[in-house]
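Structural features, examined
The chain contents come next:
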Amino acid sequence: ASHTALFFAPIVGGAILGVLLFLLALYRKKPIVDPIEANALHGGRLSLNDSIIVTVQNLISNGFGASVGLEAGYTQLASGLASKFGLSLRLRRSDMRILVVCGAAGAIAAAFNAPLTGAFYAFELIIGSYTILSLTPVVAAALVSNLVARALAGDNFVIDIGEFGTVVPADYVPALLLGLLCAGAGIALMKGVAFVEELARKSFIPFWMRPVLGGAVVGGLALISPQVLSGGHGALHLNLDYTGPIAGIIGIILLKALASAISIGSGFRGGLFFGSLFLGALLGKLFAFSAPYVFAHATLTPVTYAVVGMSALAVSVIGGPLTMTFLALEITGDFPITVLVLAA
């Protein structure tokens, strides 16, 4: 029964999403604006209805197992609420933009239990700059959001990474090399997404049918390994402790990358934020197997390589070097590892 569910869940999700896309095409003529566009082009004006539509699409996609993260949904919804709030207060254009950015910062801070990560996500990926004016409100929003989330939900979103060693100067060389490897992997992943999107666009398949077919492929991949489904929170935890054969890790990397490219390329709605963290952690683990043979003086544990890989791959896919560096700091609480991540 579980195999049937694994295979059919993404197909059902794709069908529901297809119906939704079909109805939207009939009744909605304007394209949906995301927080980055809203901030750059529309002075922070975001439609709350649009944001709810995106969030519903994201929940359907992720909930039925398409390989996308939820961050697209909650950052969009938080920014949409902030924009609505700003409009009701009749804020000036510049203040509107900051408020929308505060919404996104709060969403990421709450989700990852990482206020600095949330704040810098907003600076690097939505505003695109750091200004003294925006620093205080954005950091305040991220901190408050994080506290509220902890009070309501406890610590159930934390990525637990266990024990890790100390960092010595010799460790920088393998970390930099891992950074290069992650850059290549990030480029390959994004080329893959673009390739699938292009393939879908050139095909004769109507846009509302594409998620069903994408879902069928993802369902098929899930039969090989259920770890390809959804964002990958559970799978990330499984793999941080993973000590099995190398082939297992390589297999999951390829399957997850393929599932992510097909999910996004075929029209499922969602982000690559968590997927790239998951893939990067796996790449780091893979790298850890070979590192001792190549770098005799390196002392890092596989988990440390996983943290470095996780952050480096996410930077190559999403951007935001400081965002990911702070994520490493907030996950490990270890400053030397954070400097290693920054270098990578």
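Above this note sits the structure.
Small disclaimer: the values here were computed from a predicted structure and weren't measured.

Ranked by size, the top nonpolar core spans 47 residues in total, and within it Val 228 and Tyr 305 carry the most contacts. Where this core is concerned, the elements lending two or more residues are helix 1 (2-27), helix 8 (172-202), helix 9 (210-224), helix 11 (246-265), helix 12 (273-294), helix 13 (302-318) and helix 15 (335-343). The element best represented in this core is helix 11, accounting for 8 residues. Residues Ala 109, Ala 122, Phe 274 and Ala 314 belong to the second largest nonpolar core, which totals 29 residues.

Moving on, we come to the packing of aromatic side chains. Tallying each qualifying case throughout the model produces 8 aromatic pairs. Both rings, one in Phe 120 and one in Phe 123, keep their centres 5.4 Å apart while their planes meet at 75°; by these two values the pair is edge-to-face. Of this pair, Phe 120 and Phe 123 both sit in helix 6 (residues 115-127), 3 residues apart, which is roughly one turn of that helix. Like Phe 123, Phe 120 is buried. Summarising the aromatic geometry, the rings of Phe 120 and Phe 326 are spaced 4.6 Å apart at their centres and angled 35° between planes, so their arrangement reads as tilted.

According to the stated counting rule, one finds 3 salt bridges in the structure shown. Put simply, Arg 92 and Asp 95 hold a salt bridge, and the shortest N to O gap is 3.5 Å. Given the relative accessible area of 59%, Arg 92 is considered exposed. A relative accessible area of 29% places Asp 95 in the partly exposed class. Three or more residues joined by partner-sharing salt bridges are found here, namely Glu 198, Arg 201 and Lys 202.

All right, on to the environment of Val 339 then. Residue position: Val 339 is located in helix 15. Given the relative accessible area of 32%, Val 339 is considered partly exposed. Val 339 sits 31 residues away from Val 308 along the chain, and the two C-alpha atoms are 9.9 Å apart.

What follows is about unusual backbone geometry. Positive phi outside glycine occurs at Arg 90, with the angle close to 55°. Within the fold, Arg 90 resides in the loop between helix 4 (71-88) and helix 5 (93-112). Phi is positive for Asn 113, which is not a glycine, with a value near 55°. Position of Asn 113 relative to the elements: it lies in the loop between helix 5 and helix 6.

About the cut-offs
Residues numbered from 1 in each chain as written. Predicted model: local features only at pLDDT ≥ 70, side-chain atom pairs only at ≥ 80, totals over all residues. Heavy atoms only, no water. Core = buried A, V, L, I, M, F, W, Y, C linked by side-chain atoms within 4.5 Å. Buried < 20%, exposed > 50% of the residue type's maximum accessible area, 1.4 Å probe, protein only. Helix = DSSP H or I, 4+ residues; strand = E, 2+ residues; numbered from the N terminus. Phe/Tyr/Trp six-rings, centres within 6.5 Å; stacked < 30°, edge-to-face > 60°. Salt bridge = Lys/Arg side-chain N within 4 Å of Asp/Glu carboxyl O.

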